[in-house]
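# Results of the structural survey
Single-letter residue listing:
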Amino acid sequence: MKSTQSRVKIYTDGACSGNPGPGAWAAILIFGEIEKEISGFAEETTNNRMELQAAIEGLKALKQPCAVDLFSDSAYLVSGFNKGWLKNWQNKGWQNAAGNPVSNIDLWQELLRLSAQHDVTWHKVKGHADNPYNNRCDALARQLIKTQRSSGPKPAGEVLPELAQDFKTTEVSDVKAQQADTEKTLKTRILPPPQAQHFDQLHEEIIEDQSIFQGRILDFHHYKIQTASGHEAWREVVHHGGGVGIVALTPSRELLLVSQFRLAASQVLWEIPAGCLEINEDPLAAAKRELEEETGYQAGRWHQLGEFFVSPGYTDEVIHVYLADDLRPGKQKLDPDEYLNLTLMPFEQALDDCRNLKIHDAKTIIGLCLARDWLSKKEGGSGA
């Protein structure tokens, strides 16, 4: 039998300045051609609480049982239902995999109560991307933090009074997916840490692991962690197999650079030759392979300059940097979807272009600085 419930779309988002700190939530409800915005503010909260509160307020605003498509960029919220986290927590007496009380129990329980009054389908959307409703919710929440930081909560008000009064209540179907109860360890290549420091109090232990996306060259995971002091938080980590960058110099001290369009940067960038490590590949072997594949050149001498984490706040990617000289022509072997231009630039000019903000690629800037210092020591100078 065809459902007589009205179908409503709800877009939600939460924001927090400081996490914990002042925060806000926002939701947009859509019924046919009718749209309604609601939002609220909290003096002291967290981002996760605001994400949950946004969904709660969106569902509370409905006056009758509805078929709801709820959209959020919060994996924490959506996975609670779609990945079976809530069911596992309930079965364990609202304890997580580490045996500790689940965070934000009050909001999760309220959300369960409200969602049972409707037929809710939970949708994960990419945050800060091309979804206009998600972006509107984000803007509403952030603006409220700025303008009402000390004004207290904002009432949601009545929403969608046009909905009919005679629809039958439908409970949300049980979530079938089960979150694994095994505790996992973050696997990444760790560079040697500084010496003689006490790091025990800085350690973070993973207590929940959610795989969000698995791609060709990277995986995206959402980790719930516990600090040494017992505080719980979420970390978003991009796992990457690592890469190499090559500062290739001719005998006349000209630098081999490639220019190619980078979609993430929305522009053409000047870069040193570089590429990804294959599984279990030696970094030097990868550097030799990438230099020839991208440029058609081989090098007679190789010198390791260093290695660095690209951005350890969110990814475990490590790039190994080499200086290659005694160049000789080989055979270029570009991938079918790889388009780039090759140029020779005086090394000092490339350094000046880094200083003058004409070269924007981080591995290229770091590689050139490492090469400058290495060459300066080799030649007995002080460096520029």
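Heads up: the structure comes first, above all this text.
Residues numbered from 1 in each chain as written. Predicted model: local features only at pLDDT ≥ 70, side-chain atom pairs only at ≥ 80, totals over all residues. Heavy atoms only, no water.

This part covers unusual backbone geometry. The backbone of W94 sits at a positive phi, close to 60°, despite the residue not being glycine. The topology assignment puts W94 in the loop between α3 (85–91) and α4 (105–115). One non-glycine residue with positive phi stands out, namely S266, at about 60°. Topologically, S266 is positioned in the loop between β10 (254–262) and β11 (267–271). (Helix = DSSP H or I, 4+ residues; strand = E, 2+ residues; numbered from the N terminus.)

Right, let's get into the sheet that holds strand β5 (residues 119–124). With respect to topology, five strands assemble into an open sheet ordered β3-β2-β1-β4-β5, the strand pairing being mixed. Since the sheet does not close on itself, it has two edges, and those belong to β3 (34–45) and β5, each with one partner. Direction aside, neighbouring strands of the sheet carry axes that sit 20° apart on average. Two strands pair when backbone bridges link them, and strand β4 (residues 66–72) and β5 are joined in this way by six bridges, in the parallel orientation. Considered in β5, the bridge of A67 is made with D119. The strands touched by helix α5 (residues 132–147) are β1 (6–16), β2 (21–31) and β3; relative to β2, the strand with the most contacts, the crossing angle is about 145°. (Pairing = 2+ DSSP bridges. Axes fitted to C-alpha atoms, helices over the stretch in contact; angles between N-to-C directions. Contact = heavy atoms within 4.5 Å.)

In terms of nonpolar packing, the biggest core is built from 34 residues, with I10, L59, L70, W108, L111 and W122 touching the most fellow members. Here L111 is in contact with L52, A55, I56, L59, L77, F81 and W122, once residues within four sequence places are set aside. (Core = buried A, V, L, I, M, F, W, Y, C linked by side-chain atoms within 4.5 Å. Buried < 20%, exposed > 50% of the residue type's maximum accessible area, 1.4 Å probe, protein only.)

Before going further, it helps to spend a moment on a nonpolar patch on the surface. On the surface, I212, F213, I217 and L218 cluster together into a nonpolar patch covering about 300 Å² of accessible area. When you line up the elements, I217 lands in the loop between β6 (204–214) and β7 (218–227). (Patch = residues over 30% accessible without salt bridge, like charges linked within 9 Å, V, L, I, M, F, W, Y side chains within 5 Å. Areas by Shrake-Rupley, 256 points an atom, 1.4 Å probe, with all protein chains shown as cover. Salt bridge = Lys/Arg side-chain N within 4 Å of Asp/Glu carboxyl O.)

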